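Residues per chain, in single letters:
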Amino acid sequence: MGVHRQRDLGQRGGATFASRMLMLGGAGVTGLTGYFTRTAPTAVQFLAMGVVGLLCIFGWAYFDYRTEPRDETPS
């Protein structure tokens with residue numbers, strides 16, 4: 001979804017910036033997990049990075065869900 005489409009939906013710029021920073025932070029945390037588990041067996045490293053990556057994705061998705069603009073009119 002492009003920036004113009006987000007503006008059409010009424011998403012605030014601050015929420016978009018925070019969302020991007022959460023994605024960047026999640027990627028950083030996942031990368032650090034890989035770095036700190038580099039001496040572990042490959043299966044352990046893969047599992048640790050997968051779990052951390054999924055937690056970051058779920059955290060980001062929850063943030064986006066909570067900050068999504070909603071129509072106040074009842075259906």
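Residues numbered from 1 in each chain as written. Predicted model: local features only at pLDDT ≥ 70, side-chain atom pairs only at ≥ 80, totals over all residues. Heavy atoms only, no water.

Engineer: Would you mind showing me how to read the overall build of the chain here?
Structural biologist: Secondary structure assignment for the chain yields three helices and zero strands. In the chain, the succession of α and β elements from N to C terminus is α-α-α. A total of 75 residues make up the chain; the buried ones form 16% of that total. If you take every contact in the chain between residues at least 6 apart in sequence, the share linking residues at least 24 apart comes to 50%. Total accessible area on the chain is roughly 6,000 Å²; 68% of this is exposed by carbon and sulfur atoms. (Helix = DSSP H or I, 4+ residues; strand = E, 2+ residues; numbered from the N terminus. Buried < 20%, exposed > 50% of the residue type's maximum accessible area, 1.4 Å probe, protein only. Contact = heavy atoms within 4.5 Å. Areas by Shrake-Rupley, 256 points an atom, 1.4 Å probe, with all protein chains shown as cover.)

Engineer: It is not clear to me how the confidence of the model for the chain should be interpreted in this structure. Could you clarify?
Structural biologist: Should the pLDDT be low somewhere, the predicted coordinates at that spot are not to be read in detail. The share of residues in the chain with pLDDT of 70 or more is 80%, and the mean pLDDT across the chain is 84. Within the chain, the lowest mean pLDDT, 53, falls on helix α1 (residues 3-9), and the highest, 93, falls on helix α3 (residues 42-67). (pLDDT = per-residue confidence, 0-100.)

Engineer: Before we go on, may I ask you to explain the packing of aromatic side chains in this structure?
Structural biologist: The final tally for this structure, using the stated rule, is one aromatic pair. Aromatic side chains Y35 and F36 sit 5.4 Å apart centroid to centroid with 70° between the ring planes, which places their arrangement in the edge-to-face category. Relative accessible area serves as the criterion here: at 46%, Y35 is assigned to the partly exposed category. (Phe/Tyr/Trp six-rings, centres within 6.5 Å; stacked < 30°, edge-to-face > 60°.)

Engineer: What is the right way to look at the packing of helix α2 (residues 13-36) against α3 in this model?
Structural biologist: The angle between the axes and the distance between the axes are what describe a pair of packed helices. Running from amino to carboxyl end, α2 crosses α3 at an angle of 170°, the nearest separation of the two axes being 9 Å. Between α2 and α3, the interaxial angle falls into the category roughly antiparallel. Counting all contacts with α2, which are made through A15, A18, S19, L22, M23, G26, V29, T30, T33 and G34, the residues of α3 involved are Q45, A48, M49, V52, G53, C56, W60, F63, D64 and T67. Per-class residue counts for the contact of α2 with α3 are 11 nonpolar, eight polar and one charged. (Axes fitted to C-alpha atoms, helices over the stretch in contact; angles between N-to-C directions. Parallel < 35°, antiparallel > 145°, perpendicular 65-115°, else oblique. Nonpolar A, V, L, I, M, F, W, Y, C, P; charged D, E, K, R; others polar.)

Engineer: Mind showing me how you'd approach α3 here?
Structural biologist: An α-helical segment advances 3.6 residues per turn. Residues three or four places apart therefore align on the same side. Across its 26 residues, α3 extends 37 Å between first and last C-alpha, which sits within 8% of the 38 Å expected from 1.5 Å per residue. Where α3 is concerned, the buried positions are V52, G53 and T67. Close packing links the buried residues of α3 with α2. (Expected span 1.5 Å × (residues − 1).)

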